[in-house]
Amino acid sequence: GESVGLHLPTLSVQEGDNSIINCAYSNSASDYFIWYKQESGKGPQFIIDIRSNMDKRQGQRVTVLLNKTVKHLSLQIAATQPGDSAVYFCAENSMGNQFYFGTGTSLTVIP
Amino acid sequence: DAGITQSPRHKVTETGTPVTLRCHQTENHRYMYWYRQDPGHGLRLIHYSYGVKDTDKGEVSDGYSVSRSKTEDFLLTLESATSSQTSVYFCATVRLGSGNTIYFGEGSWLTVV
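Being a predicted model, the structure only gives us computed values, none of them experimental. (Residues numbered from 1 in each chain as written. Chains lettered and ligands numbered in written order. Predicted model: local features only at pLDDT ≥ 70, side-chain atom pairs only at ≥ 80, totals over all residues. Heavy atoms only, no water.)

**A word on the overall build of chain A**
And then number 1: Along the backbone of chain A there are zero helices and eleven strands.
And then number 2: The C-alpha atoms of chain A give a radius of gyration of 13 Å, which matches the 13 Å a tight globule of 111 residues would have.
And then number 3: The C-alpha extent of chain A, read off along each of the three principal axes, is 40 × 30 × 20 Å.
And then number 4: Put simply, of all contacts in chain A between residues at least 6 apart along the chain, 54% involve residues at least 24 apart.
And then number 5: Surface summary for chain A: the accessible area is close to 5200 Å², and the carbon and sulfur share equals 47%. (Helix = DSSP H or I, 4+ residues; strand = E, 2+ residues; numbered from the N terminus. Rg over C-alpha atoms; globule rule 2.2 N^0.38 Å. Contact = heavy atoms within 4.5 Å. Areas by Shrake-Rupley, 256 points an atom, 1.4 Å probe, with all protein chains shown as cover.)

**Observations concerning the layout of surface pockets**
And then number 1: Looking at the largest pocket, its volume works out to about 340 Å³.
And then number 2: Those elements that provide at least two residues to the lining of the largest pocket are strand S9 (86-94) and strand S11 (105-110) of chain A together with strand S4 (32-38) and strand S9 (87-95) of chain B.
And then number 3: Looking at the lining of the largest pocket residue by residue, the class counts come to seven nonpolar, eleven polar and three charged. (1 Å grid on protein atoms, 1.4 Å probe; cavity = no way out; pocket = protein on both sides within 12 Å on 5 of 7 lines; lining within 4 Å. Points joined across faces, edges and corners; volume = space filled by probe spheres on them. Nonpolar A, V, L, I, M, F, W, Y, C, P; charged D, E, K, R; others polar.)

**Looking at the packing of aromatic side chains**
And then number 1: In this structure the tally under the stated criterion is 17 aromatic pairs over all chains.
And then number 2: Ring geometry for A:Phe46 against B:Tyr103: centres 5.8 Å apart, planes inclined by 40°, an arrangement best described as tilted. You can see A:Phe46 sitting in strand S5 (residues 45-51) and its partner B:Tyr103 sitting in strand S10 (residues 101-104), one on each of two chains.
And then number 3: For the pair A:Phe89 and A:Phe101, a centre-to-centre distance of 6.0 Å together with 75° between the ring planes defines the contact as edge-to-face. With A:Phe89 in strand S9 and A:Phe101 in strand S10 (residues 98-101), the pair connects residues that are twelve residues apart, well separated along the chain.
And then number 4: The class for A:Phe101 is buried, based on a relative accessible area of 8%. (Phe/Tyr/Trp six-rings, centres within 6.5 Å; stacked < 30°, edge-to-face > 60°. Buried < 20%, exposed > 50% of the residue type's maximum accessible area, 1.4 Å probe, protein only.)

**Remarks on the nonpolar core**
One recurring pattern in soluble globular proteins: nonpolar side chains tend to sit buried together.
And then number 1: A:Trp35, A:Leu73, A:Leu75, A:Tyr88 and A:Leu107 are the most contacted members of the largest nonpolar core, which totals 20 residues.
And then number 2: Breaking this core down by element, the ones donating at least two residues are strand S2 (10-14), strand S3 (19-25), strand S4 (32-38), S5, strand S7 (62-67), strand S8 (72-77), S9 and S11 of chain A.
And then number 3: Residues A:Tyr36, A:Phe101, B:Tyr31 and B:Tyr48 belong to the second largest nonpolar core, which totals 19 residues. (Core = buried A, V, L, I, M, F, W, Y, C linked by side-chain atoms within 4.5 Å.)

**Focus: the pattern of salt bridges**
Residues and elements named next belong to chain B.
And then number 1: Within this structure, the stated rule accounts for nine salt bridges over all chains.
And then number 2: Among the ionic pairs, Asp 73 bridges to Arg 22, the shortest N-O distance being 3.1 Å. Here Asp 73, found in strand S8 (residues 73-78), pairs with Arg 22, found in strand S3 (residues 19-25); they are 51 residues apart in sequence, far enough to count as distant.
And then number 3: Judged by relative accessible area, Asp 73 falls into the buried class, the value being 8%.
And then number 4: Judged by relative accessible area, Arg 22 falls into the partly exposed class, the value being 34%. (Salt bridge = Lys/Arg side-chain N within 4 Å of Asp/Glu carboxyl O.)

**Some details on the interface of chain A and chain B**
And then number 1: The interface of chain A with chain B comprises 20 residues on the first partner and 25 residues on the second.
And then number 2: Interface area for chain A against chain B, summed over the two sides, is near 1600 Å², with a carbon-plus-sulfur share of 53%.
And then number 3: The largest contributions to the chain A side of the interface with chain B come from A:Asn97, A:Phe99 and A:Phe101, which together make up 33% of the buried area.
And then number 4: There are zero salt bridges connecting chain A and chain B.
And then number 5: Summed over the shared surface of chain A and chain B, the number is three residue pairs in polar contact (both at pLDDT 80 or more).
And then number 6: Secondary structure elements with two or more residues in the side of chain A that touches chain B: S4, S5, S9 and S10 of chain A.
And then number 7: Top element by residues in the side of chain A that touches chain B is S4(A). It accounts for four residues.
And then number 8: Residue composition of the side of chain A that touches chain B, grouped by class: eight nonpolar, nine polar and three charged. (Buried area = accessible area lost by both parts, 1.4 Å probe. Polar contact = N/O pair within 3.5 Å; in protein donor to acceptor, adjacent residues only side chain to side chain.)

**Describing the environment of B:Lys11**
Residues and elements named next belong to chain B.
And then number 1: As for its placement among the helices and strands, Lys 11 is situated in strand S2 (residues 10-13).
And then number 2: Through-space distance from the C-alpha of Lys 11 to that of Tyr 50 is 27 Å; in sequence the pair is 39 residues apart.
And then number 3: When sequence neighbours within four positions are dropped, the list of residues in contact with Lys 11 reads Val 19, Trp 109, Leu 110 and Thr 111.

Here you go:
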């Protein structure tokens, strides 16, 4: 089956610095990817998505990059703030409405 | 906000008792899912539904059953709770569009003692 994983389980950054969270996927047929943020005690919250026909997509302070050649995507958070502290995980969508999720990276922002 | 409400949000139950978790959505989405989230495993699919009375098993369905008698409600039942079912349970719906975006409820924390 598909596997979606993260290179780093934890990440600590200084407030104001940029954060980069990585994700690897194994199913080359996946055509849609989503990044989620999950705060302690809450449900996953949609951040940004990207389709496989794109390499880059920008949102408010966040950018997702997709490298289909090496089956890798990343989430970049600009000017990281304490409120960004959370677990971030990626999801891939293939075969219609089946989704596969990574285990997540815990981001800690140091004031 | 995907209009998903889960109940109960927290529950402690004894081994061997039946437990039902309820998911209610207000946006008339066709697809609904139940996931469990455990440390080191990420989100794992228990059951899903493509419509009223149309359900199917996910990767960790043993010990769970579901029902969907109305579009807005998707129930997850643990027929006889075990300690291995202590987990956080998330209901989700899919918003169809250029990408099928999945949205989650706030979770139900279940402890089986």
